[in-house]
Amino acid sequence: MTLVAIILATLAAGIGSVWVAALLMGLGGNRSPGMMPQRLLSLAAGALLATAFMHLLPEAFESEAGAHDLFVTLLVGLVFFFLLSKAELWHHGHEHGAPPAHEHDHHDHQGHAHVHAHDHSHDHHHGHRHGGWAVLTGDSVHCFGDGVLIASAFMADMRLGLIAAVSVLAHEVPHHMGDIVVLRQSSSNRRVALIKVSMAGAVTTLGGIGGYFLVGQLQELLPYFLAVASSSFIYVALADLIPQLQKRLSARETAAQVGWLMLGIVLVTVVSRAAHAH
């Protein structure tokens, strides 16, 4: 039953987020700039932070694992994802030719080894058809990791797994919007671009299945898996999503950002209570 739930949840988070992204782009006239992606980023940041601090970490600390060891795991996880992000930036710079330092100032908030569209949008001017495959490769690795994290949450508690899946879906939607933009630039067929991104999203399920058997064999390490999952969510929210929201905006737009951030927190809370009641 748990494995079936993991497969369904990872399919919804992995492929579902791609189709939600495509739907929102269609409603927005296929334009990634604008307020909709900003609102989605705010929503995703709130959902990730709420999941990490209100659910994953409390679940980990309720175990028999020591608080000191869990905090060390959380710290190591944050440093690991930082180094992973730096490694991806270094690789990308050498593969495509690093632009001047000032052009990277607003890109250095990449996290979770994920390749975003705003880091590749300049590639189509040079006719790079390999940029799309770079995005798919990075996205596949990222999605596999998401699957493992969702599986870890489900192994701890079904309700926790559902919350983690919803949070992953929320933060993947704006990322997949960027992926689709890049793939459409490197492919003349929009449907093929959507299929390619969907296939990368499907890797989430492979990660979920692998995580199910991995965590099942290492049940005593589950609290530490949850701490690592928390570090991943926290890093993505604070180092990746929120910096993209740090812009000088009008009072109305700022209020909207805060509102969507709070909505993400409320969404996770509602899903948690609904799942618990069920």
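So, how was this worked out
- Residues numbered from 1 in each chain as written.
- Predicted model: local features only at pLDDT ≥ 70, side-chain atom pairs only at ≥ 80, totals over all residues.
- Heavy atoms only, no water.
- Helix = DSSP H or I, 4+ residues; strand = E, 2+ residues; numbered from the N terminus.
- Buried < 20%, exposed > 50% of the residue type's maximum accessible area, 1.4 Å probe, protein only.
- Contact = heavy atoms within 4.5 Å.
- Core = buried A, V, L, I, M, F, W, Y, C linked by side-chain atoms within 4.5 Å.
- Expected span 1.5 Å × (residues − 1).
- Patch = residues over 30% accessible without salt bridge, like charges linked within 9 Å, V, L, I, M, F, W, Y side chains within 5 Å.
- Areas by Shrake-Rupley, 256 points an atom, 1.4 Å probe, with all protein chains shown as cover.
- Salt bridge = Lys/Arg side-chain N within 4 Å of Asp/Glu carboxyl O.
- Phe/Tyr/Trp six-rings, centres within 6.5 Å; stacked < 30°, edge-to-face > 60°.
- pLDDT = per-residue confidence, 0-100.

A. Structural view of the overall build of the protein chain. A tally of helices and strands in the protein chain yields nine helices and zero strands. Helices (α) and strands (β) of the protein chain occur, in sequence order from the N terminus, as α-α-α-α-α-α-α-α-α. Classification of the 278 residues of the protein chain by burial places 49% in the buried group. Taking the contacts inside the protein chain whose residues are at least 6 apart along the sequence as the reference set, 86% of them involve residues at least 24 apart.

B. Structural context of the side chain of Thr 205. Mapped onto the elements, Thr 205 comes out in helix H7 (residues 190-217). When residues no more than four places from it in sequence are discounted, the contact partners of Thr 205 are Ile 7, Thr 10 and Leu 11.

C. Local environment of the nonpolar core. In terms of nonpolar packing, the biggest core is built from 38 residues, with Leu 48, Leu 56, Ile 150, Phe 154, Leu 226, Phe 233 and Leu 241 touching the most fellow members. Elements represented by at least two residues in this core include exactly helix H1 (2-27), helix H2 (35-61), helix H3 (67-96), helix H5 (131-156), helix H6 (158-186) and helix H8 (222-241). For this core, the element with the most residues is H8, which contributes ten residues. Membership of the second largest hydrophobic core comes to 14 residues, among which are Leu 40, Val 173, Met 177 and Val 197.

D. Layout of H8. With 20 residues, H8 extends 27 Å between its outermost C-alpha atoms, agreeing within 8% with the 28 Å of an ideal straight helix rising 1.5 Å per residue. With 16 of 20 residues buried, H8 is to be regarded as a mostly interior element.

E. Examining a nonpolar patch on the surface more closely. Taken together, the side chains of Leu 75, Val 79, Phe 82 and Leu 83 present a nonpolar region at the surface, about 380 Å² in accessible area. Structurally, the position occupied by Phe 82 is in helix H3. Judged by relative accessible area, Phe 82 falls into the partly exposed class, the value being 41%.

F. Focus on the environment of Ile 242. Within the secondary structure, Ile 242 is located in the loop between H8 and helix H9 (251-277). Residue class for Ile 242 comes out partly exposed when judged on its relative accessible area of 21%. For Ile 242 and Ser 42, which are 200 residues apart along the polypeptide, the C-alpha to C-alpha distance reads 7.2 Å. If sequence neighbours within four positions are ignored, Ile 242 has contacts with Ala 45, Leu 49 and Ala 237.

G. Quick look at the environment of Gly 210. Among the secondary structure elements, Gly 210 is positioned in helix H7. In the structure, Gly 210 is positioned 62 residues away from Val 148 in sequence and 6.8 Å away in space, judged by C-alpha atoms.

H. Local environment of the packing of aromatic side chains. Tallying each qualifying case throughout the model produces three aromatic pairs. Taken together, a centroid distance of 5.1 Å and an interplanar angle of 50 degrees make the contact between Phe 61 and Phe 71 tilted. Here Phe 61, found in helix H2, pairs with Phe 71, found in helix H3; they are ten residues apart in sequence, far enough to count as distant. Between the aromatic rings of Phe 80 and Phe 81, the centroid separation amounts to 5.3 Å while the plane-to-plane angle is 65 degrees, which identifies the pairing as edge-to-face.

I. Quick look at the environment of Val 236. Note that Val 236 resides in helix H8. Taking the C-alpha atoms as reference points, Val 236 and Leu 49, separated by 187 residues in sequence, lie 9.2 Å from one another.

J. Structural context of the confidence of the model for the protein chain. When pLDDT is averaged along the protein chain, the result is 77, and 74% of the positions lie at 70 or above. A low-confidence stretch, residues 29-33 (pLDDT under 50), is modelled with six contacts involving residues beyond four sequence positions or located in other chains. This stretch, residues 98-131, has a pLDDT under 50; its non-local contacts, to residues over four places away or in other chains, come to 66 contacts.

K. Region of the structure containing the side chain of Thr 73. In this structure, Thr 73 sits in helix H3. Apart from residues no more than four positions distant in its own chain, Thr 73 is found in contact with Tyr 224, Ala 227 and Val 228.

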